[in-house]
Amino acid sequence: MDMPTLTIGTRTSRLPIMQGGMAVRISMSPLAAAVANEGGIGLIAGSGLTPDELIAEVRAARAETDGVLGVNIMVAVRGFKELVHAAISAGVDLVVSGAGFSRDVFGWCRDAGVEMVPIVGSERVAKLSQHFGASAVVVEGFEAGGHLGTDEYMLDLLPRIIESVDIPVIGAGGVVTGADIKRTLDAGAAGVQMGSRFAATVESSAPDAFKDMYVRATEDDILIIKSPVGLPGRAIRNPFTDRLTAGDYPRIERCEACLKQCGREYCIMDKLIRAQGGDVIDGLVFAGSSAARIHDIPTVEALMDRLVAQWRTASEGAPA
Ligand SMILES: Cc1cc2nc3c(=O)[nH]c(=O)nc-3n(C[C@H](O)[C@H](O)[C@H](O)COP(=O)(O)O)c2cc1C
């Protein structure tokens, strides 16, 4: 028995697995290319990169794979437009947008023949996305890592979104095993988007200390933090999140005005860059609640083989 394929507009991947974009510099060309080569959809995270850096990453990934490749860019970042155009010029198949809604991006993608896939957290935004020409939507639930646009769990939200649109709906949040994939597809999703599971792979550009936190994390270590983006975020507890919890926000030392609107409680870009640089004490380690179920750091190839095998076991064991 084979897993179903995933078709988004004119692009089809052999497996219904999209690797979530993870900024800053966690999902880069090595991870995205490896996922695409294994039959999934690989996403490079554009937020926090310059347009030239993003072009170089997309080209590096393209040199390694003929598979389906995209970028994830947060609408909340000031350089959103330039980054989307950079990604399109470098030859991506799709653009996934998170943390906000942009009408303009649909036209930019349509003109270039690139599929546009917004991340949504409500029926209203899903319908709006379909109206403006989305090729698919990602429904991200409250259990996901990174910034959160809803307080509902993915499997609660998913059926209502599927009901409200006619385009493929991809479920994100809390998917780390083949059994999780089966549950999400059984609920009507066309595919899954997985972030945390791919952050803890060999090809992820997270430093070892970051991956190690995933492997060690228990449910008690994963919490919600306040982000100056204006959305809550989910991360692994460390001395920095203890400061945030206590309301002791670190002073902003240098501001590059990277967000369209910033609460200015602290500099999130600085904290994400620190964590990616290996400072997991004073940096912010975004992770989904499912990180508590991640206990190893496989290669992408080994992980994809495992996910398919687990999905198969769950499917064969299921009543007809
Ligand atoms: C370290 C990390 C960074 C992330 N960065 C982004 C991002 O830049 N843009 C975005 O839309 N989503 C981001 N996400 C969300 C993922 O793309 C994905 O939707 C989410 O991780 C799915 O939930 P899961 O972690 O339970 O698999 C991030 C998640 C993690 C764990």
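Before reading further, recall that the structure is shown in the block above.
Overview of the overall build of the protein chain
The helix and strand tally for the protein chain stands at 12 helices and 13 strands. Expected size for 320 residues packed as a compact globule is a radius of gyration near 20 Å; at 18 Å, the protein chain falls within 12% of this value. In terms of overall dimensions, the protein chain has C-alpha extents of about 55 × 45 × 40 Å along its principal axes. Looking at the protein chain as a whole, 54% of its 320 residues qualify as buried. Here the analysis covers contacts within the protein chain between residues at least 6 apart in sequence; of these, 64% occur between residues at least 24 apart.

Section: the site of the ligand
Among the 31 residues in the neighbourhood of the ligand, the closest are listed as Gly-20, Gly-98, Gly-145, Gly-195 and Gly-288. Of all elements in the fold, only strand E5 (68–74), strand E11 (191–194) and helix H8 (196–199) reach the threshold of two or more residues within the shell around the ligand. Counting residues per element, the shell around the ligand draws most heavily on H8, at three residues. Tallied by class, the residues present in the shell around the ligand amount to 14 nonpolar, 14 polar and three charged. Summarising the domain contributions, the shell around the ligand has at least three residues from each of domain 1 (6–205 + 295–317) and domain 2 (208–290).

Some details on the pairing of strand E12 (residues 222–226)
As paired strands, E12 and strand E13 (residues 232–236) are joined by five bridges and run antiparallel to one another. Bridging across to E13, Leu-223 finds its partner in Ala-235. Adjacent in sequence and paired antiparallel, E12 and E13 are bridged by five residues, among which Gly-230 carries a positive phi angle near 100°.

Focus: unusual backbone geometry
Going from Ala-23 to Val-24, the amide bond is cis rather than trans, its omega being 0°. Along the polypeptide, Val-24 turns up in the loop between strand E3 (17–19) and helix H1 (29–37). One non-glycine residue, Ala-257, lies in positive phi territory at about 50°. If you trace the backbone, Ala-257 turns up in the loop between helix H10 (239–245) and helix H11 (268–276).

Some details on the sheet that holds E12
Strand pairs in the sheet, formed through backbone hydrogen bonds, run parallel or antiparallel to each other. With respect to topology, three strands assemble into an open sheet ordered E9-E13-E12, the strand pairing being antiparallel. Strands at the two margins of the open sheet, each flanked by one partner only, are strand E9 (146–147) and E12.

Brief notes about the packing of H1 against helix H2 (residues 51–64)
Their axes nearest at 9 Å, the elements H1 and H2 cross at an angle of 35°. For H1 against H2, the interelement crossing comes out right-handed. Where H1 approaches H2, its residues Ser-29, Ala-32, Ala-33 and Asn-37 are matched on the opposing element by Glu-57, Ala-60, Ala-61 and Glu-64. Of the residues contributing to the contact of H1 with H2, the split by class is four nonpolar, two polar and two charged.

Some remarks on the pairing of E11
Every second residue of E11 is oriented toward a common face, with Gly-191 and Gln-193 on one face and Val-192 and Met-194 on the other, all of them buried. In this structure, strand E10 (residues 169–172) lies alongside E11, joined through three bridges in parallel fashion. Within the sheet, the bridge partner assigned to Gly-171 lies in E11 and is Val-192. Traced from E10 through helix H7 (residues 178–186) to E11, the parallel crossover comes out right-handed.

Some words on the packing of H7 against helix H12 (residues 300–317)
Between H7 and H12, the least distance of the axes is 7 Å, while the angle of their chain directions is 60°. Here H7 is positioned oblique relative to H12, judged by the angle of their axes. In this structure, H7 meets H12 at a crossing whose hand is right-handed. Only Leu-307, Val-308, Ala-309, Gln-310, Trp-311, Ala-314 and Ser-315 of H12 make contact with H7, whose side of the interface consists of Gly-178, Ala-179, Ile-181 and Lys-182. A class-by-class count of the residues in the contact of H7 with H12 yields seven nonpolar, three polar and one charged.

Calculation notes
Residues numbered from 1 in each chain as written. Predicted model: local features only at pLDDT ≥ 70, side-chain atom pairs only at ≥ 80, totals over all residues. Helix = DSSP H or I, 4+ residues; strand = E, 2+ residues; numbered from the N terminus. Rg over C-alpha atoms; globule rule 2.2 N^0.38 Å. Buried ≥ 20, exposed ≤ 12 C-beta atoms within 10 Å, placed from the backbone. Contact = placed C-beta atoms within 7 Å. Near = placed C-beta within 6 Å. Nonpolar A, V, L, I, M, F, W, Y, C, P; charged D, E, K, R; others polar. Domains from an automatic or database assignment. Pairing = 2+ DSSP bridges. Axes fitted to C-alpha atoms, helices over the stretch in contact; angles between N-to-C directions. Left-handed = near helix turned anticlockwise from the far one by under 90°. Right-handed = clockwise from strand over helix to strand, strands pointing away. Parallel < 35°, antiparallel > 145°, perpendicular 65-115°, else oblique.

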